Each structure stands twice: as structure tokens, then as C-alpha cells.
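# Inside the fold
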Amino acid sequence: MTPTEPHDATLDVLGCSGGWSDAGRACSGYLLTANGGRVWIDAGTGTFERLLRRGPLADVDAVWLTHLHPDHCADLLMAFQAMAYGDVGTDRLPVYGPPGWAAVFDAFLGEEVAEVFEIHDLEDGAVHDLGGTPYTAVATHHGMPSFGLRADLGGRTFAYTSDTGPGPGTVRIADGADTLLAEAFLSLPGARAFTSVSTPKQAGAYAHEGGVRQLVLTHLHPDADPSAAVRRASTAFAGPISVATEGAVISL
């Protein structure tokens, strides 16, 4: 694999449909390539197949599961099946997730995922070197253990809120980030409100408060109008705003 210079860091959007898969669309999953390493961030439904379009599983240095809702982790089961029963060119894959994540998967599968995965539990503030890039875990407010992240790309910072409502975690994640990937599930006007996920305007507020360079909205409600979500976010953030789309490659 050819090393990637920090300024050439990219984020491949494997899927970004919020809550559940829409027709032809996968749930949350991203592939961050930087410093010669590749990290699969969130393994939502449908993302494993899209990950393999970018290269073999053996080229992935680690997996980061922000939390254990199926739209963010279900396809790790597919990766387990491929590693346990197929020839994917790798015997061990480091997986970082909320405390106790492996026991949840063990119970579901009736097998021990430690047979093929290196088990790592995330904790607030911990820094992990994944594929040559430091990733910092930041706890978010989501009604279950959930961890956003900040990746130090060598002079630039990529930040991802995971699913979250407003709270101290969003401030810490966004602070000074060059690119903020922000969840905005409450993007359908008139939809039931939850305190554990965000509106586009709240995502814009996180970007404004953090002084970020560019905001990328993701995890929109499957029925949402992306252009309307951008307009709502722009009422709180004056910088560049875009919406993640499946298959897009975002320069970081």
C-alpha cells in the first residue's frame, strides 16, 4: 500500500443513511486513509461490501465502532464471518469499541470474536495509534456508551461526532477541527425530537462554537432533504457546509 501524505488524507463515505438502510443506501460507515494507514470507522449495515470495493480487508489497519446501535456496527458480524471462515489475507484485526462490545458480539454469535479480532475498549480521552495516526476518543451523549473521535492528520484535524445530542463532548470534538463530520438525524421537519441525536442547526452550532474549517452533515433521516438540512445548518455556521453522500471521497 502506498503511503498517504497527511495533506492527502481522505474519507471514503461507505454509507451514511441515518437509523436504517434506505433502498440502495448503506448505514453509517467511513474509511479514513492517512499516513499509509486505513481505518474503518463504523460498520453499519451494508458497509462491509462497500469497504471491499476499496480493497481487501487485509489492508484495513483497525476498526472503530462509535457505539452498538446496528446502523453503526452490524456489519462487523460480516467481517467476523469472512475472517473466521474465509481467506481474507489477515488473521487478526484490531477493533476498538465501547466497553464490553466484544461480549455483546460473543453473545449474539455464540462464538468468541477474540478468535479473529484484537479486543480494545474505548474510554474518554484515550489516544490510540491506528495505522500511524493518533485517534482520540471522546464520549458523547447518546443514551448508551458512544465515542466520537478526533484524528490528528499531521497539521490537520478530522473530527466525527458519532451520534449525539448537545453536550460537553461535542465541544471537545469540534474544537479547532479542520473537518467536522457531524450527525444530524433530526433533519426531517416535524419529526419526533430526541435529546440523544442532533438537528442540522445544532450540528452547525457545534461547528461554529468549535471554529471548524468545514462542516459535513451525515446520518440524516432517510427521508430528509439534504439541501434543506444545509440551509438549517447555515443559520448557525457561516463556513462551508456539505452533506455526506455514499461513494463520496472527502479530502481532509
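Residues numbered from 1 in each chain as written. Predicted model: local features only at pLDDT ≥ 70, side-chain atom pairs only at ≥ 80, totals over all residues. Heavy atoms only, no water.

### A look at the packing of helix H3 (residues 76-85) against helix H4 (residues 101-109)
- Following both chains from N to C, one finds H3 and H4 inclined at 70 degrees, their axes separated by 12 Å at the closest point. Classified by the interaxial angle, the pair formed by H3 and H4 is roughly perpendicular. Taken as a pair, H3 and H4 cross one another with a handedness that is right-handed. Residues Leu-76, Leu-77, Phe-80 and Gln-81 of H3 form the contact with H4, whose participating residues are Trp-101, Phe-105, Phe-108 and Leu-109.
- Within the contact of H3 with H4, the residues separate by chemical class into 7 nonpolar, 1 polar and no charged. (Axes fitted to C-alpha atoms, helices over the stretch in contact; angles between N-to-C directions. Helix = DSSP H or I, 4+ residues; strand = E, 2+ residues; numbered from the N terminus. Parallel < 35°, antiparallel > 145°, perpendicular 65-115°, else oblique. Left-handed = near helix turned anticlockwise from the far one by under 90°. Contact = heavy atoms within 4.5 Å. Nonpolar A, V, L, I, M, F, W, Y, C, P; charged D, E, K, R; others polar.)

### As for the confidence of the model for the protein chain
- Per-residue pLDDT for the protein chain has a mean of 95; in total, 97% of the residues score no lower than 70.
- The model gives residues 1-6 a pLDDT under 50, and that stretch makes 13 contacts with residues more than four places away or in other chains. (pLDDT = per-residue confidence, 0-100.)

### Side note on H4
- Considered for burial, the residues of H4 that qualify are Trp-101, Ala-102 and Phe-105. Each buried residue of H4 sits inside an arc of 95 degrees when the element is viewed along its axis, so together they form one side. Residues of H4 that are exposed and angled more than 90 degrees away from the buried face: Ala-103 and Ala-107.
- Close packing links the buried residues of H4 with helix H2 (70-73), H3, strand E5 (93-97) and strand E6 (117-121). (Buried < 20%, exposed > 50% of the residue type's maximum accessible area, 1.4 Å probe, protein only. Arc of directions from axis to C-beta.)

### As for the packing of aromatic side chains
- Inspection of the entire model under this criterion finds 7 aromatic pairs.
- Relative to Phe-185, the ring of Trp-20 lies with its centre 6.3 Å away and its plane at 75 degrees, an arrangement referred to as edge-to-face. Of the two residues, Trp-20 sits in the loop between strand E1 (10-15) and strand E2 (29-34) while Phe-185 sits in the loop between strand E11 (179-183) and helix H6 (200-210), which places them 165 residues apart along the sequence.
- By relative accessible area, which is 14% here, Phe-185 ends up buried.
- An aromatic cluster is present here, built from Phe-80, Trp-101, Phe-105 and Phe-117 joined pairwise through their rings. (Phe/Tyr/Trp six-rings, centres within 6.5 Å; stacked < 30°, edge-to-face > 60°.)

### Observations regarding the sheet that holds strand E3 (residues 37-43)
- Judged by pairing direction, the sheet is mixed, and its 7 strands sit side by side in the order E6-E5-E4-E3-E2-E1-E14 without closing on themselves. Only two strands of the sheet have a single neighbouring strand rather than two, namely E6 and strand E14 (249-251). Recorded for the sheet is a direction-independent mean angle of 20 degrees between the axes of neighbouring strands.
- Contacting E3, strand E4 (62-64), E5 and E6, H3 runs over the sheet at an angle of about 150 degrees to E6. (Pairing = 2+ DSSP bridges.)

### A closer look at the side chain of Ser-198
- Mapped onto the fold, Ser-198 is located in the loop between E11 and H6.
- Leave out the neighbours within four places in its chain, and Ser-198 touches Thr-164, Gly-165, Glu-183, Ala-184, Phe-185, Leu-186 and Tyr-206.

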